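Examining the three-dimensional arrangement
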Amino acid sequence: MNLRHAAALALVGWYLIVQPGDASSASTSNAPASDQITVVGCWSKVDESYGLSGVESFTQYVREVHSRGGAPSNDYRLAGDTSKLDNLGPLVRISGTFLPNGMGKHPVGTIKVETVTELSAGDATLNPSIGRTSSWRKYRDSANGVAYSLPDAFPRTDLCCPPQGPNFVGHTNTATLAGFLVPNDSWGASDFAAGSFAIYVTPEITNAADCYKFGQSYPDDKVSSESISGVRYSHLLQSGIPPEEIDLYHAFENGRCYEIAMDFTFYRMGGFDLGCAFSAVDPNSLIKLVLPQISFYKP
């Protein structure tokens, strides 16, 4: 594990620690009092035996994942008309009669299936308050000639443990102009775990050719040139482990070299009982909104 990946793990851990959590609101494994039950979850089939990892309140489950990095679910055995599941996707809502047993592989009990509804995790979409750029907060750094807008939901941070520092070519002096966290509930029920946004500038690179280069890259990285709102960017896309994407954009404007850095770290959904209910995030859905909000001017 290199320092870049170790720092990404630190970012996820730091973000989860500072999020508010209420242990009293956690899901429990107590058997429901009613004989009738409706559960949302991911079904499975092993040796002709059907099972379900599910929760009665999926909204509460997602809230706990975002605040604590995980949440408990219940394991049920499924009985009755289960063959209909064979033609459905993994995410379902099941209603039926609950039969507690308190023993065996399924300690919660059995659900005698009456109705099954197939659900879809769908594509991860930004929460409306984040996706609506007209409501974003405006920032301006007159001394360094940059203006930008970001959602109010993005808290400022001093980036004490950034996944990467500035990636300018050579050993240059740099200044951090902005540091923000991207909340892990930005896409709702998704695999997004933590992220950050930063702007750096260096006064030591005084030509475009060097500015568009990157100090460190790997064989699998992708480099491209993009023009966004009249600004030419050199884009470095890096992927790593833990599941992570780092997008670095270099711009040379008014004799200064700037770096826009965005980091996205993801959960390994295979470790979640309800992993089938979480959508995969496309970081570009946020990047394409953020970059046009950045402008440069002479200090």
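Quick caveat, the model's predicted, so the values are computed rather than measured.

Rules and cut-offs
Residues numbered from 1 in each chain as written. Predicted model: local features only at pLDDT ≥ 70, side-chain atom pairs only at ≥ 80, totals over all residues. Heavy atoms only, no water. pLDDT = per-residue confidence, 0-100. Helix = DSSP H or I, 4+ residues; strand = E, 2+ residues; numbered from the N terminus. Pairing = 2+ DSSP bridges. Axes fitted to C-alpha atoms, helices over the stretch in contact; angles between N-to-C directions. Buried < 20%, exposed > 50% of the residue type's maximum accessible area, 1.4 Å probe, protein only. Contact = heavy atoms within 4.5 Å. Polar contact = N/O pair within 3.5 Å; in protein donor to acceptor, adjacent residues only side chain to side chain. Disulfide = S-S within 2.5 Å. Salt bridge = Lys/Arg side-chain N within 4 Å of Asp/Glu carboxyl O.

In this section: the confidence of the model for the protein chain. This prediction gives the protein chain a mean pLDDT of 85; 85% of its residues lie at or above 70. For the protein chain, helix 1 (residues 3–18) is the element with the lowest average pLDDT, namely 42, and strand 7 (residues 146–150) is the one with the highest, namely 98.

For the rest of this paragraph, the subject is the sheet that holds strand 14 (residues 295–296). The strand order 6-7-14 describes an open sheet built from three strands, whose pairing is antiparallel. One side of each edge strand has no neighbouring strand; the edge strands of this open sheet are strand 6 (137–141) and strand 14. Here strand 7 runs beside strand 14; their pairing, made up of two bridges, is antiparallel. Looking at strand 14, one finds that valine 146 is bridged to phenylalanine 296.

Where strand 10 (residues 222–228) lies against strand 11 (residues 231–240), seven bridges are found, and the strand directions are antiparallel. In the strand pairing of strand 11, glutamate 226 is matched with tyrosine 233. Hairpin connection of strand 10 to strand 11: two residues between the antiparallel strands, including serine 229 at a positive phi of 50°.

This paragraph deals with the sheet that holds strand 1 (residues 36–46). One closed barrel holds the five strands; their spatial order is 1-2-3-5-4, and the pairing between them is mixed. Between one strand axis and the next, the sheet turns through 55° on average, direction left out of account.

Among the structural elements, leucine 78 can be located in strand 3 (residues 74–80). You can call leucine 78 buried: its relative accessible area is 4%. Among residues more than four places away in sequence, those in contact with leucine 78 are Tyr50, Gly51, Leu52, Leu85, Ile94, Ile111 and Val113.

In this section: the side chain of serine 95. Positionally, serine 95 belongs in strand 4 (residues 91–99). Side chain to side chain, serine 95 and threonine 38 meet in a polar contact 2.8 Å long. Among residues more than four places away in sequence, those in contact with serine 95 are Ile37, Thr38, Lys112, Val113, Glu114 and Thr115.

Right, let's talk about the state of the cysteines for a bit. Evaluation of the coordinates by the stated rule reveals two disulfides. The partner cysteine of cysteine 42 in its disulfide is cysteine 276, sulfur to sulfur 2.0 Å. As the torsion about the S-S bond is roughly -100°, the cysteine 42-cysteine 276 disulfide counts as left-handed. Here the residue cysteine 42 occupies a position in strand 1, and cysteine 276 occupies one in the loop between strand 13 (256–266) and helix 5 (284–290), the gap between them amounting to 234 residues. Here the bonded cysteines of the protein chain are numbered in sequence order, and their pairing is 1-4, 2-3.

Moving on, we come to the pairing of strand 12 (residues 244–253). In terms of burial, strand 12 is largely enclosed, as nine of its 10 residues are buried. As paired elements, strand 11 and strand 12 share seven bridges and run antiparallel to each other. Among the inter-strand pairings, leucine 236 is bridged to a residue of strand 12, identified as leucine 248. Hairpin connection from strand 11 to strand 12: three residues lie between these consecutive antiparallel strands.

Moving on: the pattern of salt bridges. Counted by the stated rule, this structure contains six salt bridges. In this structure, the salt-bridge partner of lysine 45 is glutamate 48, at a minimum N-O distance of 3.5 Å. Here aspartate 210 and lysine 213 are joined by a salt bridge, their closest N and O atoms 3.6 Å apart. Classification of lysine 213 by relative accessible area gives partly exposed; the value is 43%. A network of salt bridges, in which partner residues are shared, links Lys45, Glu48 and Asp86.

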